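# Observations on chain architecture
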Amino acid sequence: MSLTFPQTRPNNYCLIFLLVLCLASVIAALGIGRYGLSSAEVLRILWEGLAHKEGDPVLHQIVFNVRLPRILTCAAAGTVLGMCGCALQTIFRNPLVSPNVLGISSGASFGGTLAIFCDLSTWALYSSAIFFGLLTLTLVYFFSRKFREGLLMLILGGMVLNGFFTALVGLLQYLSDSEEKLPAIVFWLMGSFSSATMPKFFLFAIPVIVCGVLMIGLRWRLNLLSLDEKNALSLGVRVQPLRWVFIVCCGVLISSQVAVSGNIGWVGLVVPHIGRSVAGEDTQVLLPACGLIGAIFLIGADTLARSISQAEIPISILTSLVGAPLFVLILLRFRKRRLNA
C-alpha cells in the first residue's frame, strides 16, 4: 500500500510568502497605536536598538518596552493556536475539533481564575494555569486508559473535564468580590495581551520553542495519524505513542497560551481550514502554515483590539466576531465543493 499526498513543492513558496507576510504584520503592528509610526520609522528604531545606537528615548520606549513584547507574545500565541488546531483536527480526523476539545483550556482557565481569586502574583497565575492545564491532560489520559476506547474516550473525557472546570470557574466568579476580583477575572478570561512584558514572553517562548520544534520535526508523521488506525499499524507506525507525543505537546502549548493571554476562542478552529485552502492537506506544509496564519490572524485581531477604541476590547470578542462568520463561509464553500463533486 502506498501513500500519496498533494505536491508540496509549490506550497513551499506559500510558506515563504506567509513568513514575509507575518514579518510585515509585525512591523505594521509596531507602528499602529495612539502614537502612530511609519514602517520606515519602526525599522529605523529597531535598527538603532539592535545596534545600540542613540535615538529618541521616547520612541525607543514605545517600540521596545510597550509594543514589541505584546506583539511577539501575540504572534507566539497565534502560532500555538494555529498549530495545535491543525494537529488535533488531524489526530481526531474531525474538522470541527478545536484546542478546547480535551478540556485543557478550561483547566488552565480555572487555574488562572483561582490565582486571581486568591490574590496571587502574576507568576503564580502563570504557574497555576499551566499546572491545572497539565492536570486536565493527565486526567484525560487516565480516563482514556481506563475505558480503552481510543479517540472517542479522549473526546468524552475532555467534555467531562471541560464541563467540570467551567463550573468551577463559574463558582469562583459567583464567590468573587464584585468590585475588584470579578471584573479582573472576567477581563482575564476574555483574553488580553495588555500585561505582556519581555520576561513573560521569554518564559512563554521556552515551551513554544521546545514543543513547536518537536511538532515541526515530526510533522511528516502527522499525515499517518490521519489514516485509519489499522492502516497506520500496517505501515509499521506505533500510533498510540506518536499520538500522545502530539497531544502532550498541544497540552503544554495550550496551557502556556492560556496562562499568558487568557482563553482565546475560534483561532484554533478556523485557522486550519484557512491553512488547507492555502497550503493543501499535507501536514508537512500545513502545520507550519497554520502556525504562521495563526500568528498573522492574532496580530491583526490584537492590533484592532487596542486601537479601535479608547478602551481596549478583549481579544476573544474580536476573534469570535471574525471567526464565526469566517467559519460559516468555510462551511458554505465546503458544501459547494461537495455538491460540485
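In the block above lies the structure referred to throughout.
Reference entry: report on the structure contained in this document. (Residues numbered from 1 in each chain as written. Predicted model: local features only at pLDDT ≥ 70, side-chain atom pairs only at ≥ 80, totals over all residues. Heavy atoms only, no water.)

## Digging into the side chain of Asp302
The condition is simple: Helix numbering and strand numbering both begin at the N terminus, where a helix is a DSSP run of H or I of at least 4 residues and a strand a DSSP run of E of at least 2. Definition of a polar contact: a pair of N or O atoms within 3.5 Å, with one able to donate and the other able to accept a hydrogen when the atoms are protein atoms, and with sequence-neighbouring residues admitted only if both atoms are side-chain atoms. Residues count as neighbours in contact if any of their non-hydrogen atoms are within 4.5 Å of one another.
Tracing the backbone shows Asp302 in helix H13 (residues 283-307). Engagement of the side chain of Asp302 in a polar contact is seen with the side chain of Arg70, the distance being 2.9 Å. In this view, Asp302 contacts Arg70, Cys74, Phe193 and Ile315; residues no more than four positions away in its chain are not counted.

## Regarding helix H7 (residues 181-190)
Convention followed: Burial classes: relative accessible area under 20% of the type maximum marks a residue as buried, over 50% as exposed, and values in between as partly exposed (1.4 Å probe, protein chains only). This arc is taken over the directions from the axis of the helix to the C-beta atoms.
Along H7, the residues that are buried comprise Ile185, Trp188 and Leu189. Here the buried residues of H7 occupy an arc of 100° about the axis, which is enough to place them on one side. Against helix H4 (104-117), helix H5 (122-147), helix H6 (151-175) and helix H11 (239-261) lie the buried residues of H7. Gly191 sits one or two positions beyond H7 and adopts a positive phi of about 90°.

## Some details on the nonpolar core
For clarity, the cut-off: Only buried residues count toward a nonpolar core, which is a set of Ala, Val, Leu, Ile, Met, Phe, Trp, Tyr and Cys residues joined through side-chain atoms within 4.5 Å.
Grouped together as the largest cluster of nonpolar side chains are 95 residues, with contacts concentrated most on Phe92, Leu102, Met215 and Leu298. Per element, the largest residue contribution to this core is 17 residues, and it comes from helix H3 (residues 57-91). Ignoring sequence-local partners within four residues, the contact set of Met215 consists of Met83, Ala87, Phe246, Cys249, Cys250, Leu253 and Leu287.

## What about the packing of aromatic side chains?
As a reminder, the rule being used: Ring geometry is summarised as follows: Phe, Tyr and Trp rings, the Trp one being its six-membered ring, pair when their centres sit within 6.5 Å, and such pairs are stacked at plane angles under 30 degrees, edge-to-face over 60 and tilted between the two. Distance and angle both matter: a charge sits over a ring if NZ of Lys or CZ of Arg is within 6 Å of the ring centre and within 35 degrees of the ring normal.
Overall, the coordinates contain eight aromatic pairs when judged by the stated rule. Each residue in the set Phe110, Phe131, Phe132, Phe164 and Phe165 is aromatic and connected to the rest through ring pairs, giving one cluster. Above the ring of Phe117, the side-chain terminus of Lys181 is found at 5.2 Å from the ring centroid.

## Details of unusual backbone geometry
The backbone of Arg93 shows a phi angle near 50°, a positive value even though the residue is not glycine. Structurally, the position occupied by Arg93 is in the loop between H3 and H4. Residue classification places Arg93 among the partly exposed residues on the basis of a relative accessible area of 39%. In the Ramachandran plot, Asp119 falls in the positive-phi region, its phi being about 60° despite a non-glycine side chain. Structurally, the position occupied by Asp119 is in the loop between H4 and H5.

## Description of a nonpolar patch on the surface
Under the convention used in this document: Two distance rules govern patches: like charges are joined within 9 Å, and nonpolar side chains (Val, Leu, Ile, Met, Phe, Trp, Tyr) within 5 Å, applied only to residues with over 30% relative accessible area and no salt bridge. Working definition of accessibility: Shrake-Rupley area with a 1.4 Å probe, residue cover restricted to the visible protein chains. The working definition used for a salt bridge is a side-chain nitrogen of Lys or Arg within 4 Å of a carboxyl oxygen of Asp or Glu.
A cluster of nonpolar residues, Val186, Met190, Ile317, Leu321 and Val322, forms a patch on the protein surface that exposes about 380 Å² of accessible area. Its place among the elements puts Met190 in helix H7.

## Details of the side chain of Ser109
Of note, Ser109 is situated in helix H4. If we skip the residues at most four places from it in the chain, Ser109 touches Val169, Trp188, Leu189, Val258 and Asn263.

## Remarks on the packing of helix H12 (residues 267-279) against H13
Rules: Here an axis means a line fitted to C-alpha atoms, over the contact stretch when the element is a helix, while the angle between two N-to-C directions is reported on a 0 to 180 degree scale. By the definition adopted for this analysis, an angle is roughly parallel if under 35 degrees, roughly antiparallel if over 145, roughly perpendicular if from 65 to 115, and oblique otherwise. Note: crossing handedness is left-handed where the near helix turns anticlockwise from the far helix by less than a right angle, and right-handed where it turns clockwise. For this classification, Asp, Glu, Lys and Arg are treated as charged, while Ala, Val, Leu, Ile, Met, Phe, Trp, Tyr, Cys and Pro are nonpolar and the rest, including Gly, are polar.
With their axes 8 Å apart at the nearest point, H12 and H13 run at an angle of 125° to one another. In terms of axis orientation, H12 runs oblique to H13. Read as a crossing pair, H12 and H13 show a hand that is right-handed. Packed against H12, whose contacting residues are Val267, Val271, Pro272, Ile274, Gly275, Arg276 and Ala279, the element H13 presents Val285, Leu286, Ala289, Cys290, Ile293, Gly294, Phe297 and Leu298 at the interface. Here the contact of H12 with H13 is composed, by residue class, of twelve nonpolar, two polar and one charged.

## With respect to the pattern of salt bridges
If you walk through the whole model with that rule in mind, you get six salt bridges. Put simply, Glu312 and Arg70 hold a salt bridge, and the shortest N to O gap is 2.7 Å. Within this pair, whereas Glu312 is found in the loop between H13 and helix H14 (315-340), its partner Arg70 is found in helix H3, the two being separated by 242 residues in sequence. For Glu312, a relative accessible area of 26% corresponds to the partly exposed category. Its relative accessible area of 10% is what places Arg70 among the buried residues.

Shape is all these values report; function is a separate question.
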